[in-house]
Amino acid sequence: MIRGFYTALSGIVSSMTRQSVVADNIANVNTVGFKASRTVQDDFELQIMNSLGPELGQLGTGAVPTGLKLDISQGPIQVTGNQSDMAIEGDGLFVVRTGSGIAYTRAGDFVTDVTGTLVTQQGYPVLDIAGHNIQPGQPFTVAADGTIVPSGQRIALVGWPPGGVTRLGQNLYSAGGQLTPGSGSIRQGALEASNTDLALAMTDLISLQRNFQMSSRALSLQDGTIGDAVQLGRLR
C-alpha cells in the first residue's frame, strides 16, 4: 500500500513540475530568441534510494523530473527591416557584458544608446570578437560573418557550449568552460522568434492537468485503503 503512495506522489510531482515548465514556454512564445525548456525524467524509486538509502523493492514507482534540457533548435526568422535587429541562423550566441560579467543571448533586438553603443534591450553592451563595446556608426550594415561597416568591428558569436548553459533571466545565459566560435551567420534586419511550438505546448498542458487529477485521485484512494486497513485492525 505504501508503494502506491510513492507512485501517486511521483505522478503529482512530475505533473506539477512539467506544468510550470510548459507554462513558462507558453508565456515566452513572443519573446525574441527564446529557447524552450524540456524536463528530464528519472526513476522515482532511484531518486528515493539515492537521497534516503532504503530500497523499495524491484517494482518501479513512477518517474519524476530531475532537470531541464534546453531546446536549442532554430526559431522562425522574422524580417523587420530595422538595421539594429539581428538574427542568428544556425549555431551561435551573442556575447554581452552585464553588471555581473559576461553573458550570452540569442535575442538580437538591439538598439544604439545615446553614446552610439550597440546594446541589448536591457542596456547591456554587445561585444565584438576583441571583447570591446561596439560603436557601429550611423547608418551601418552587418555582413553574415558579423563584420560591421563602417566601423570595421566584428560582432562576437560563440557556439552553444557542449556542457550546456544556465538561464540568468532577461533572456540571458551563462556558460562555463572553453567556448568556441559559433558556426552560424548573422542576418541583419531580422529577428529570431521563440522556438516554442504553441499548439504542442497547449496539448501538453492539457494532458499534464489530466495526469495531475488522476494522480491526485490515486493518492486519495491509497489514503482511503490504508484507513480501511487501520479500522479493520482495530476491530480485531
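Residues numbered from 1 in each chain as written. Predicted model: local features only at pLDDT ≥ 70, side-chain atom pairs only at ≥ 80, totals over all residues. Heavy atoms only, no water.

**As for the overall build of the protein chain**
Looking only at helices and strands, the protein chain features 3 helices and 15 strands. Taken over 236 residues, the protein chain has a buried fraction of 37%. Residue pairs in contact within the protein chain that sit at least 24 positions apart in sequence constitute 67% of those at least 6 positions apart. Element-wise, carbon and sulfur atoms account for 56% of the exposed surface of the protein chain, whose accessible area totals about 12,600 Å². (Helix = DSSP H or I, 4+ residues; strand = E, 2+ residues; numbered from the N terminus. Buried < 20%, exposed > 50% of the residue type's maximum accessible area, 1.4 Å probe, protein only. Contact = heavy atoms within 4.5 Å. Areas by Shrake-Rupley, 256 points an atom, 1.4 Å probe, with all protein chains shown as cover.)

**A word on the packing of aromatic side chains**
One pass over the structure, following the stated rule, counts 2 aromatic pairs. Relative to Phe-110, the ring of Phe-94 lies with its centre 4.9 Å away and its plane at 80 degrees, an arrangement referred to as edge-to-face. Taken together, the residues Phe-94 in strand 5 (residues 93-98) and Phe-110 in the loop between strand 6 (101-105) and strand 7 (111-112) connect sequence positions 16 residues apart. Considered together, Phe-94 and Phe-110 belong to a single accessibility category, that of buried residues. (Phe/Tyr/Trp six-rings, centres within 6.5 Å; stacked < 30°, edge-to-face > 60°.)

**Focus on the confidence of the model for the protein chain**
Averaged over all residues, the pLDDT of the protein chain is 83; the fraction at 70 or higher stands at 75%. Per-element confidence in the protein chain is highest for strand 15 (residues 190-192), whose mean pLDDT is 97, and lowest for helix 2 (residues 44-52), whose mean pLDDT is 51. (pLDDT = per-residue confidence, 0-100.)

**A few points about the environment of Asp-91**
With respect to the secondary-structure elements, Asp-91 resides in the loop between strand 4 (86-89) and strand 5. With a relative accessible area of 26%, Asp-91 lands in the partly exposed category. Each C-alpha atom, one on Asp-91 and one on Ser-73, is 9.0 Å from the other, the two residues being 18 residues apart in sequence. The residues touching Asp-91, leaving out its near neighbours within four places in the chain, are Arg-106, Leu-157, Gly-159, Trp-160, Gly-182, Ser-183 and Gly-184. At 3.0 Å, the side chain of Asp-91 and the backbone nitrogen of Trp-160 are in polar contact. (Polar contact = N/O pair within 3.5 Å; in protein donor to acceptor, adjacent residues only side chain to side chain.)

**Considering the pattern of salt bridges**
Considering all chains together, one arrives at 4 salt bridges under this definition. Between Glu-192 and Lys-35 there is a salt bridge, and its shortest N-O distance comes to 2.5 Å. You can see Glu-192 sitting in strand 15 and its partner Lys-35 sitting in the loop between helix 1 (2-27) and strand 1 (37-43), a full 157 residues away along the chain. Lys-35 shares its class with Glu-192; the two are buried. A salt bridge links Arg-38 to Asp-71; its shortest N-O distance comes to 3.5 Å. Taken together, the residues Arg-38 in strand 1 and Asp-71 in the loop between strand 2 (63-70) and strand 3 (77-79) connect sequence positions 33 residues apart. (Salt bridge = Lys/Arg side-chain N within 4 Å of Asp/Glu carboxyl O.)

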